[in-house]
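As a plain string of letters, each chain reads:
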2 protein chains.
Amino acid sequence: MAKTTLVSLAESLGVSRQTISNVINAPHRVKPETRERVEHAIAESGYRPSAAARQLRTRRSMNLGIRMMPVVDGINGSILDRFLHALTEAAQEEGYRLTLFSAATDDDEVRQYEDLLNVADLDGFVLTGTHHGDQRTAWLLENEVPFASFGRPWSDTEDPFTSLHPWVDVDGGAGTEQATRLLIDQGHTAIGFIGWPAGSGAGDDRRDGWRRALQAAGLPADQLDLRVFDGVPAGARAAEQVIAAGATAVVCASDSLALGALSTFRSRYPAPASPDVIGFDDTPVAAAVGLSSIAQPIEDAARHIIRVLAHTLSGDEASGRPDKHLLLTPTLAQRFPHPLAGDGWLA
Amino acid sequence: MAKTTLVSLAESLGVSRQTISNVINAPHRVKPETRERVEHAIAESGYRPSAAARQLRTRRSMNLGIRMMPVVDGINGSILDRFLHALTEAAQEEGYRLTLFSAATDDDEVRQYEDLLNVADLDGFVLTGTHHGDQRTAWLLENEVPFASFGRPWSDTEDPFTSLHPWVDVDGGAGTEQATRLLIDQGHTAIGFIGWPAGSGAGDDRRDGWRRALQAAGLPADQLDLRVFDGVPAGARAAEQVIAAGATAVVCASDSLALGALSTFRSRYPAPASPDVIGFDDTPVAAAVGLSSIAQPIEDAARHIIRVLAHTLSGDEASGRPDKHLLLTPTLAQRFPHPLAGDGWLA
DNA sequence: AAACGTTATTTGATCGTTCAACTTAGTGAT
DNA sequence: ATCACTAAGTTGAACGATCAAATAACGTTT
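Residues numbered from 1 in each chain as written. Chains lettered and ligands numbered in written order. Predicted model: local features only at pLDDT ≥ 70, side-chain atom pairs only at ≥ 80, totals over all residues. Heavy atoms only, no water.

**Structural notes on the protein's contact with DNA strand D**
The immediate surroundings of DNA strand D are formed by 27 residues, with Arg17 and Thr34 of chain A together with Leu6, Ser21 and Asn25 of chain B found nearest. Counted by atom, the contact set of DNA strand D within 4 Å of the protein is 58% sugar and phosphate. Within the side chain of Arg17 of chain A, a nitrogen or oxygen atom sits 2.4 Å from a base oxygen of DNA strand D. Note that a phosphate oxygen of DNA strand D is positioned 2.7 Å from one of the side-chain N or O atoms of Tyr47 of chain B. Top contributing element to the surface near DNA strand D by residue count: helix 4 (residues 51-58) of chain B, with 5 residues. In terms of residue class, the surface near DNA strand D is built from 8 nonpolar, 10 polar and 9 charged. (Near = heavy atom within 4 Å. Polar contact = N/O pair within 3.5 Å; in protein donor to acceptor, adjacent residues only side chain to side chain. Helix = DSSP H or I, 4+ residues; strand = E, 2+ residues; numbered from the N terminus. Nonpolar A, V, L, I, M, F, W, Y, C, P; charged D, E, K, R; others polar.)

What follows is the structure, encoded as structure tokens:
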């Protein structure tokens, strides 16, 4: 049984190749009667157009590239897993496929763009983890390669909502602000923040949210603002410092940091009735140890990214174009804070 | 600046298309002198062969498919993340790329094979989570589609080492056996096992390892063998039962189950000096709560899978063919068992 | 110097689509 | 009856590579 192609199908039907091609790509050009006959034959024969041939002619592969970041921290990594998943599903729905590539650094990533564009004919890219002075977005814009990023473009001067490329992001600051307000409502008057060194965009944004909530409540931030590199041990050490500065609760920029902080808090203070340590990303680890955490609607983000990218690629300016820039609001997953002493997270 | 193609490059060099093609695909056919001149020109012009054209002619895409399983359990899911990562890197080294697709069920996966083979011209597939009576391997074998699986073919009658398709797996039984022996050496005489319902291949294998260790030491397994569906709450409940049956330690088929068990154990027994609950997969959660766990060499597995698959696809029977069937041995990550009461996992 | 074998290089055909230009038929207005 | 226009369908060329077969170049043998 030979492989069915446009030509073989056309012959057996007594029509021309192009008519079949039209049935597939521009049905309105074909008389309904003929169309139905062809459609039936397509289903019958199980014909599938060859991606290679189509790609050669149209210069579109329906393939999007996404980089696998090196696994630095198993804890935070899980969010990428969820993201990738949602991305794959959304892409599939829009008729696109995802091609993975791995790059150790941003430079490396840029270097691979060229290869991937030519060699694999990728139609566009999904970026994650944008930061200040991101060379990747600059390169892609310069070379007019379609892409969308999870993460807004971070700049001190420009409004992200005017940026040239589409992006979706989660309003981390709104999340930490909400978390901090909860702690304030619970009666805390000295609330610390454990975050990353300044300059990371997302990290600064989360810090700002905490600071806003404190200011609104007229509470001090001095001595309570710690900046460390991500990781559980670093979080634990930082927690000792904020406690020394008088803090009775703390908001963290990641679940890794929060997990460390939680261990310090439990060894210094008895387990309280409401959260005193709040993390970020709502990872499985947080759920496991009963750590409250700020949850990103990452599935929504993924879906929207694909939608925007697909829209850009289709060139279809008319039909309901999705927001080019979208800032989603995270939610707070509140948990009983010391499960290993009870059954907290079993519910 | 027009895109460089074989023809444009050939013209500017005064040689024929085919010569350039040969420099790339069969350098030995070209006179060293010419070759060097062409190679220089290639580098100069930044020429990259078009994947589409090549694919159309050779019917090979250098693309491998891998399915994204639905995220069931964030805890165990992280291992897939690591696997995917290693797979991507290994594939890249061998000149292959990975294309993701998502399928909710095995049936769905099989259905997508056809599409992916035609539409995306995938060269082969990587399978994960093989089980008894797996329809996917049957379909792929029948249709002569190259693939390799992470997970041996599970059958009561046939020796996996004679199977027709290549696979890599981790000897889970060896892992649980080692873990159980450790508990025995530590003085435990009633050691339970919390695993999945019979029939899952990998699950039964892990149970068998535990049982072997007990038998070798002349210890009883009665009443201590629990079968539940995966999850933290289920693990906690099962732990109550094994404790009721007299167990002072337990080995689990997953970190989810182990995490539940750990919570029960800590509420019944004081924290011991050596592990009394041992999980499987060495997930970040295990590391976070100081849970000992059996660690799969998953990066090695991924690398080998790609190597075998690449070898099959190259058709190169001669050059050092990698083992068609490979069983790797896991290691035991031993941890201090109650970090939240101290600084156990900060080291 | 003719005949030969090997190596180096070129040429024509092909993979399976889509684009662009073209033909044919049908409809309605002038 | 002529013309203009739209609709439906056809055909040749092109996308950019590789395969297979043909040719050119070159040193060896007779």
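Moving on from the model shown.
**What to know about helix 1 (residues 6-13) of chain A**
All names here are of chain A. For helix 1, the set of buried residues is Leu9, Ala10 and Leu13. Taken around the axis of helix 1, the buried residues stretch over an arc of 100°, which confines them to a single face. Helix 1 presents Glu11 and Ser12 as exposed residues on the side facing more than 90 degrees away from its buried surface. Among the structural elements, helix 2 (17-25) and helix 3 (32-45) are those in contact with the buried residues of helix 1. At the N-terminal end of helix 1, a side-chain oxygen is found 3.2 Å from the backbone nitrogen of Val7, two or three residues along, and the residue is Thr5. Two residues or fewer after helix 1 comes Gly14, characterised by a positive phi angle close to 75°. (Buried < 20%, exposed > 50% of the residue type's maximum accessible area, 1.4 Å probe, protein only. Arc of directions from axis to C-beta. Contact = heavy atoms within 4.5 Å.)

**Side note on the interface of chain A and chain B**
If you look at the interface, chain A gives 51 residues, while chain B gives 51 residues. Buried area between chain A and chain B, both sides added, is near 4,800 Å², and the carbon and sulfur share of it is 65%. One can count 2 salt bridges joining chain A with chain B. For Asp115 of chain B, the salt bridge identified is with Arg48 of chain A, shortest N-O distance 2.9 Å. Between the two partners, chain A and chain B, sit 10 residue pairs in polar contact (both at pLDDT 80 or more). Listing elements by their share of the side of chain A that touches chain B, those giving two or more residues are helix 4 (51-58), strand 1 (63-68), helix 5 (74-93), strand 2 (97-102), helix 6 (106-119), helix 10 (232-244), helix 11 (255-268) and helix 12 (284-289) of chain A. Here the side of chain A that touches chain B is composed, by residue class, of 28 nonpolar, 14 polar and 9 charged. Sheet topology places strand 2 of chain A next to strand 2 (residues 97-102) of chain B; 3 bridges connect them, and they run antiparallel. Considered in strand 2 of chain B, the bridge of Leu98 of chain A is made with Leu100 of chain B. (Buried area = accessible area lost by both parts, 1.4 Å probe. Salt bridge = Lys/Arg side-chain N within 4 Å of Asp/Glu carboxyl O. Pairing = 2+ DSSP bridges.)

**Comments concerning the sheet that holds strand 2 of chain A**
Judged by pairing direction, the sheet is mixed, and its 12 strands sit side by side in the order 11(A)-5(A)-4(A)-3(A)-1(A)-2(A)-2(B)-1(B)-3(B)-4(B)-5(B)-11(B) without closing on themselves. Single-partner strands in this sheet number two, and they are strand 11 (325-328) of chain A together with strand 11 (325-328) of chain B. Here the average twist between neighbouring strands, direction ignored, is 20°. Bridge count for strand 1 (residues 63-68) of chain B against strand 3 (residues 124-128) of chain B is 3 bridges, and the pairing is parallel. Looking across to strand 3 of chain B, one finds that Gly65 of chain B is bridged to Phe125 of chain B. Across the face of the sheet, helix 13 (residues 298-314) of chain B comes into contact with strand 1, strand 3, strand 4 (147-150), strand 5 (167-170) and strand 11 of chain B while running at roughly 165° to strand 4 of chain B. (Axes fitted to C-alpha atoms, helices over the stretch in contact; angles between N-to-C directions.)

**So, unusual backbone geometry**
Residues and elements named next belong to chain A. Even without a glycine there, the phi angle at Arg59 is positive, about 60°. With respect to the helices and strands, Arg59 occurs in the loop between helix 4 and strand 1. Look at Arg59 and you get exposed, because its relative accessible area is 55%. One non-glycine residue with positive phi stands out, namely Met62, at about 60°.

**Focus: the confidence of the model for chain A**
Of all residues in chain A, 94% have pLDDT values of 70 or greater, and the mean over the chain is 90. Counting contacts from residues 338-347 of chain A, a segment whose pLDDT is below 50, to residues more than four positions away or on other chains yields 24 contacts. (pLDDT = per-residue confidence, 0-100.)

**As for the protein's contact with DNA strand C**
Near DNA strand C you find 27 residues, and of these Leu6 and Ser21 of chain A together with Arg17, Thr19 and Thr34 of chain B are the closest. Each atom of DNA strand C within 4 Å of the protein belongs either to a base or to sugar and phosphate, the latter forming 56%. In the model, a base nitrogen of DNA strand C is placed 2.7 Å from a nitrogen or oxygen of the Gln18 of chain A side chain. One nitrogen or oxygen atom from the side chain of Thr34 of chain B is found 2.6 Å from a phosphate oxygen belonging to DNA strand C. At the level of secondary structure, the elements contributing two or more residues to the surface near DNA strand C comprise helix 2 and helix 4 of chain A together with helix 2 (17-25) and helix 4 of chain B. Element by element, the count of residues in the surface near DNA strand C is highest for helix 4 of chain A, at 5 residues. In the surface near DNA strand C, the residues fall into 8 nonpolar, 10 polar and 9 charged.

**What about the pairing of strand 2 of chain B?**
Within a regular strand, side chains alternate between the sheet's two faces. Counting buried positions along strand 2 of chain B yields 6 of 6 residues, so the element is predominantly enclosed. Side chains of strand 2 of chain B alternate between two faces, with Arg97, Thr99 and Phe101 of chain B and Leu98, Leu100 and Ser102 of chain B buried alike.

**Some remarks on the packing of aromatic side chains**
Tallied over the full model, the rule gives 16 aromatic pairs over all chains. On the basis of an interplanar angle of 35° and a centroid distance of 5.6 Å, the ring pair of Tyr113 of chain A and Trp139 of chain A is categorised as tilted. With a gap of 26 residues between them, Tyr113 of chain A in helix 6 and Trp139 of chain A in helix 7 (residues 135-142) connect regions that are remote in the sequence. Both residues of the pair, Tyr113 of chain A and Trp139 of chain A, count as buried. For the pair Phe101 of chain B and Phe125 of chain B, a centre-to-centre distance of 6.1 Å together with 85° between the ring planes defines the contact as edge-to-face. With Phe101 of chain B in strand 2 and Phe125 of chain B in strand 3, this residue pair connects regions lying 24 residues apart in the sequence. Exposure remark for Phe101 of chain B: the relative accessible area of 1% places this residue in the buried category. (Phe/Tyr/Trp six-rings, centres within 6.5 Å; stacked < 30°, edge-to-face > 60°.)

**What to know about the packing of helix 2 of chain B against helix 3 (residues 32-45) of chain B**
Residues and elements named next belong to chain B. At their nearest, the axes of helix 2 and helix 3 sit 10 Å apart, and the two run at 90° to each other. For the element pair helix 2 / helix 3, the angle class is roughly perpendicular. Along its contact with helix 2, which presents Ile20, Val23 and Ile24, the element helix 3 presents Arg35, Val38, Glu39 and Ile42. (Parallel < 35°, antiparallel > 145°, perpendicular 65-115°, else oblique.)

**Structural notes on the side chain of Asn63 of chain B**
Topologically, Asn63 of chain B is positioned in strand 1. Residue Asn63 of chain B is classed as buried on the basis of its relative accessible area, which comes to 10%. A polar contact of 3.0 Å, which involves the side chain of Asn63 of chain B, links it to the side chain of Arg97 of chain B. A polar contact is formed between the side chain of Asn63 of chain B and the side chain of Thr99 of chain B, at a distance of 2.7 Å. Discounting residues that sit within four places of it in the chain, Asn63 of chain B has contacts with Thr99 of chain A together with Tyr96, Arg97, Thr99, Leu122, Asp123 and Gly124 of chain B.

**Structural notes on the relation of the copies chain A and chain B**
Two chain copies, one operation linking them: a rotation about an axis together with a shift along it. In screw terms, the move from chain A to chain B is a rotation of 180° and a rise of 0.0 Å along the axis, fitting with an RMSD of 0.1 Å. Overall, the copies show the geometry of a two-fold rotation axis. A symmetric contact is evident, with 100% of the interface residues of chain A recurring at the interface of chain B. (Least-squares fit on C-alpha atoms with pLDDT ≥ 70 in both.)

**Some words on the environment of His132 of chain A**
All names here are of chain A. Examined against the element boundaries, His132 turns out to sit in the loop between strand 3 (124-128) and helix 7. For the pair His132 and Ala202, spaced 70 residues apart in sequence, the C-alpha separation works out to 9.7 Å. If near-sequence neighbours (up to four positions away) are discounted, His132 is found in contact with Trp154, Ser155, Asp156, Gly199 and Gly201. Of note is the side chain of His132, whose polar atom sits 3.3 Å from the backbone oxygen of Gly199.

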